[in-house]
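Observations on the model geometry
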Amino acid sequence: MDKIEIRDLEVYAHHGVLEEETALGQKFLISLELGLDTRKAGKTDVLENSVSYAEVVHFVNQYLQEYTFKLLEAAVEHVAEEILIRFPVEEVKVELKKPWAPILLPMDTVAVSIKRKWNMVCLSIGSNMGDTKKNLEDAIKMLSDNPKIRVEKVSGFIVTKPYGGVEQDDFLNGALLIKTLLSPNELLEVIGVIEQALKRERLIHWGPRTIDLDILLYEEEVVREPNLIIPHIEMHLRDFVLRPLVQIAPWAKHPLLQKTVFQLFLELQQKESNDK
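The structure contained in this document is the topic of the report that follows. Numbering of residues starts from 1 in each chain and follows the order in which that chain's sequence is written. Given that this is a predicted model, residues contribute local features only at a pLDDT of at least 70 and side-chain atom pairs are listed and counted only at 80 or more, while totals for whole chains, interfaces and linings are drawn from all residues. Hydrogens and waters are ignored; side-chain quantities use all the structure's heavy atoms.

Digging into the environment of Met 235
- Relative to the helices and strands, Met 235 is located in the loop between β11 (228-230) and α7 (239-248).
- As a C-alpha pair, Met 235 and Glu 10 span 225 residues in sequence and 50 Å in three-dimensional space.
- Between two residues, a contact is recorded if the distance between any of their heavy atoms is within 4.5 Å. Excluding residues within four positions of it along the chain, Met 235 makes contact with Leu 216, Leu 217, Val 241, Leu 242, Leu 245 and His 254. Secondary structure elements are taken from DSSP: a helix is a run of H or I of four residues or more, a strand is a run of E of two residues or more, and numbering for both begins at the N terminus.

What follows is the structure in structure tokens.
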């Protein structure tokens, strides 16, 4: 990915744990690496096809002067997030230096540096209670309303038989491709809020539900935690997951099986055909 670099922008601001630091203020130096595709701007020589580093610099200067943080870690986290939300960049590196840190020992500077980016995530979505189409649309809108989530693609919705042997109505299922600044666990929390708002009740395992949102893939990360497993443990075995997902992300790779969604879909189709 191409980069635009801004080095050691000097900002006088009021960040620090000590009371005198927030009261009197001090000098900070901030450096940025903006990750984006600059090819179109380079070919056309048109600023609108890139990002205005002047606008970024003035925004960061104003932001660090307007808000006060105790920790450098908090300052860089918020700056990185705001840049990614406000400007057309895919990733950003932020380094914040504090030359006058109150350490009382000889040193040059203290600095914190982080990298953050928009992460590509595949979700499955389903409903078999009430107005199922409206339930799916409402959930998608709630995701879109979150500034840290961008819904990139929505599959067609398909009607499928219930999975798991519980007698219930057919499901309306689909898949979503999103970009997010949230970590896997943060995204899971947002999903929980959406399911609660749409009155999802977990009374019967594999039972009926107004809405069901599952994280299938998060980039090519592998997460194994008590409340979260990524990739979804049975996604490669479920036609109602792969059929809509292959419409919008056939290239997405399962990091454990090392196969694309398209490959997994073809294999499942072949297996189901052989089982008949």
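Past the structure itself, the notes keep going.
Topic: unusual backbone geometry
- The step from Ile 230 to Pro 231 runs through a cis peptide bond, and the omega angle for that step is 0 degrees.
- For Pro 231, the location among the structural elements is in the loop between β11 and α7.
- Phi is positive for Glu 219, which is not a glycine, with a value near 50 degrees.
- As for its placement among the helices and strands, Glu 219 is situated in the loop between β9 (212-218) and β10 (223-225).
- The classification of residues rests on relative accessible area computed with a 1.4 Å probe and restricted to protein chains. Under 20% of the type maximum is buried, over 50% is exposed, and intermediate values are partly exposed. Relative accessible area serves as the criterion here: at 29%, Glu 219 is assigned to the partly exposed category.

Quick word on the sheet that holds strand β3 (residues 91-98)
- Taken in spatial order, the 4 strands of this open sheet run β1-β2-β3-β4, and their pairing is antiparallel. Lying at the two open borders of the sheet, with one neighbouring strand each, are β1 (2-13) and β4 (110-117). Across the sheet, the axes of successive neighbouring strands diverge by a mean angle of 15 degrees, strand direction being ignored.
- Two strands pair if DSSP finds at least two bridges between them. Of the pairings in the sheet, the one linking strand β2 (residues 26-36) to β3 comprises 7 bridges and is antiparallel in character. In the strand pairing of β3, Leu 29 is matched with Lys 97.
- The axes used here are C-alpha line fits, helices contributing only the stretch in contact, and every angle between their N-to-C directions lies in the interval 0 to 180 degrees. Sheet strands in contact with helix α3 (residues 53-66) are β1, β2 and β3, and its direction is about 35 degrees off that of β1.

Description of helix α4 (residues 72-86)
- By this rule, a helix spans an expected 1.5 Å times one less than how many residues it contains. Between the first and last C-alpha of α4 there are 21 Å, a value that for 15 residues agrees with the 21 Å anticipated at 1.5 Å per step.
- Listing the buried residues of α4 in full gives Leu 72, Ala 75, Val 76, Val 79, Ala 80, Glu 82, Ile 83 and Leu 84.
- Check the buried side of α4 and you find it contacts β2, α3, β3, β4 and β6 (149-154).

A look at the layout of surface pockets
- Approximately 240 Å³ is the volume found for the second largest pocket.
- Forming the boundary of the second largest pocket are 15 residues, of which Glu 77, Arg 116, Leu 181, Leu 182 and Glu 186 lie nearest the centre.
- Elements supplying a minimum of two residues to the lining of the second largest pocket: α4, β4 and α6 (184-197).
- Class assignment for the residues of the lining of the second largest pocket results in 5 nonpolar, 2 polar and 8 charged. In this analysis a 1.4 Å probe is tested at points of a 1 Å grid over the protein atoms alone, and where it fits but cannot get out there is a cavity; an open set with protein on both sides within 12 Å along at least five of seven lines is a pocket; lining residues have an atom within 4 Å of a point. Grid points are joined across faces, edges and corners, and a volume is the space filled by probe spheres set on the points. Each residue receives one of three labels: charged for Asp, Glu, Lys and Arg, nonpolar for Ala, Val, Leu, Ile, Met, Phe, Trp, Tyr, Cys and Pro, and polar for the others, Gly being one of them.

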